[in-house]
Amino acid sequence: MKSKRTVLVTGCSSGIGLATCHVLSSNDFITFGTVRNLSKANKIQDLIDRESLPLKILHLDVNDNQSIKLAVKRILSDTGRLDVLINNAGYGMFGPIEEITTQEVKKQFETNFFGKIRVIKAIVPIMRKQGNGIIVNISSMVGRFGVPLNSAYVSSKFAVEGLSESIAFELEEFGIRVIVIEPGV
């Protein structure tokens, strides 16, 4: 009998992350849904309570290495492994580039791009030691083409695409697959 797969999903307070946690935990995956702000975990908690799901909520801020380290440590303590990372945390910023400050663009990249890198760096040694794993980076269809009034967001998603394609080659020899998902509106 094969043991259940353990999954870490970032950015689960709403949207794609919340839906992903629901599907995975409903299908017998040991699922850890993470949120930056635990006070915003009410939608996840409602799912758990309503459907008695085997879903655990953890604090994880992709912009905080210590937060990532503690969440990963907890997962390993509970399950002894980490099979899948759904690297979903992110947000959109919209408006004309001349009205967005450079600091706001940097903040967009810190979460949408560098946040993914921080989590990847924390889990790759674990997956490499296991000899397998799957990293799913949630990008966007606009990671492939530009659209007006979305330059900061689009640029951060283009960066996720390049990162994902590059590390797929780096990690393949260790049995780690990298997948990019490009949802639309």
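Below, the structure is looked at part by part.

Analysis parameters
Counting of residues starts from 1 at the beginning of each chain's written sequence and follows it residue by residue. In keeping with the model being predicted, local features are shown solely for residues with a pLDDT of at least 70 and side-chain atom pairs are shown and tallied solely at 80 or more, while totals for entire chains, interfaces and linings include all residues. Computation of side-chain values covers all heavy atoms of the structure but excludes hydrogens and water. The set of buried Ala, Val, Leu, Ile, Met, Phe, Trp, Tyr and Cys residues whose side-chain atoms join them within 4.5 Å is what this entry labels a nonpolar core. Relative accessibility decides the category of a residue: with a 1.4 Å probe and only protein chains considered, values under 20% of the type maximum give buried, values over 50% give exposed, and everything between is partly exposed. Here a strand is any run of E in DSSP of at least two residues, a helix any run of H or I of at least four, and the numbering for each starts at the N terminus. Two residues form a contact once any of their heavy atoms are found within 4.5 Å. Whether two strands pair comes down to DSSP finding at least two bridges between them. The angle between two axes is taken between their N-to-C directions and runs from 0 to 180 degrees, where each axis is a line fitted to C-alpha atoms and a helix contributes only its stretch in contact. Two aromatic rings, drawn from Phe, Tyr or Trp (for Trp, its six-membered ring), form a pair once their centres lie within 6.5 Å of each other, and the interplanar angle then sorts them: stacked below 30 degrees, edge-to-face above 60, tilted otherwise. Either the NZ atom of lysine or the CZ atom of arginine qualifies as a charge over a ring when it sits within 6 Å of the ring centre and within 35 degrees of the ring normal. Whenever Lys or Arg places a side-chain nitrogen within 4 Å of a carboxyl oxygen from Asp or Glu, that contact is recorded as a salt bridge. One fewer than the residue count of a helix, multiplied by 1.5 Å, yields its expected span. One fitted axis covers the seven residues ending at a residue, a second covers the seven starting there, and the bend at that residue is the angle between these axes.

Turning to the nonpolar core, a few remarks are in order. The biggest cluster of nonpolar side chains holds 27 residues, and the ones touching the most others in it are Leu8, Leu85, Ile123 and Ile135. At the level of elements, helix H3 (65-79), helix H4 (102-130), helix H5 (151-172) and strand E6 (176-181) are the ones that each hand at least two residues to this core. Here this core takes eight residues from H4, the largest share from any one element. Those residues within four positions of isoleucine 123 in sequence are excluded, and the remaining contacts are Leu8, Val72, Leu82, Leu85 and Ile135. Membership of the second largest hydrophobic core comes to 18 residues, among which are Leu24, Leu55, Ile86 and Val136.

Pairing is parallel across the open sheet formed by six strands, whose spatial order is E3-E2-E1-E4-E5-E6. In this open sheet, the two edge strands, each paired with only one partner strand, are strand E3 (55-59) and E6. Each strand axis lies, on average, 20° off the axis of its neighbour in the sheet, ignoring direction. In the packing of helix H2 (residues 42-51) onto the sheet, the strands contacted are strand E2 (30-35) and E3, and the crossing angle to E3 comes to about 160°. Contacting strand E5 (133-138) and E6, H5 runs over the sheet at an angle of about 160° to E6.

What the rule picks out here adds up to three aromatic pairs. When the centroid spacing of 6.3 Å and the interplanar angle of 70° are considered together, the rings of phenylalanine 109 and phenylalanine 113 count as edge-to-face. Placement of the pair is phenylalanine 109 and phenylalanine 113 together in helix H4, with a separation of four residues, close to one helical turn. Summarising the burial analysis for this pair, phenylalanine 109 and phenylalanine 113 share the class buried. A cation over an aromatic ring shows up here: arginine 128 above the ring of phenylalanine 174, its NZ or CZ 4.9 Å from the ring centre.

A separate point is the pattern of salt bridges. In this structure the tally under the stated criterion is nine salt bridges. Where glutamate 161 meets arginine 144, a salt bridge forms, and the shortest distance between an N and an O atom there is 3.8 Å. Note that glutamate 161 is positioned in helix H5 and arginine 144 in the loop between E5 and H5, a separation of 17 residues in sequence. Taking the relative accessible area as the measure of exposure, glutamate 161 reaches 4% and is therefore buried. Here glutamate 165 ties to arginine 144 by a salt bridge, and the two come within 3.7 Å at their closest N and O atoms. On the criterion of sequence distance, the pair formed by glutamate 165 in helix H5 and arginine 144 in the loop between E5 and H5 is long-range, its members being 21 residues apart. Residue class for glutamate 165 comes out partly exposed when judged on its relative accessible area of 43%. In the salt-bridge network here, residues are joined through shared partners; they are Arg144, Glu161, Glu165 and Glu182.

This part is about H4. With 29 residues, H4 extends 41 Å between its outermost C-alpha atoms, agreeing within 8% with the 42 Å of an ideal straight helix rising 1.5 Å per residue. At phenylalanine 114, H4 shows its maximal bend, which comes to roughly 40°. Within two residues after H4, glycine 131 carries a phi angle of roughly 85°, on the positive side.

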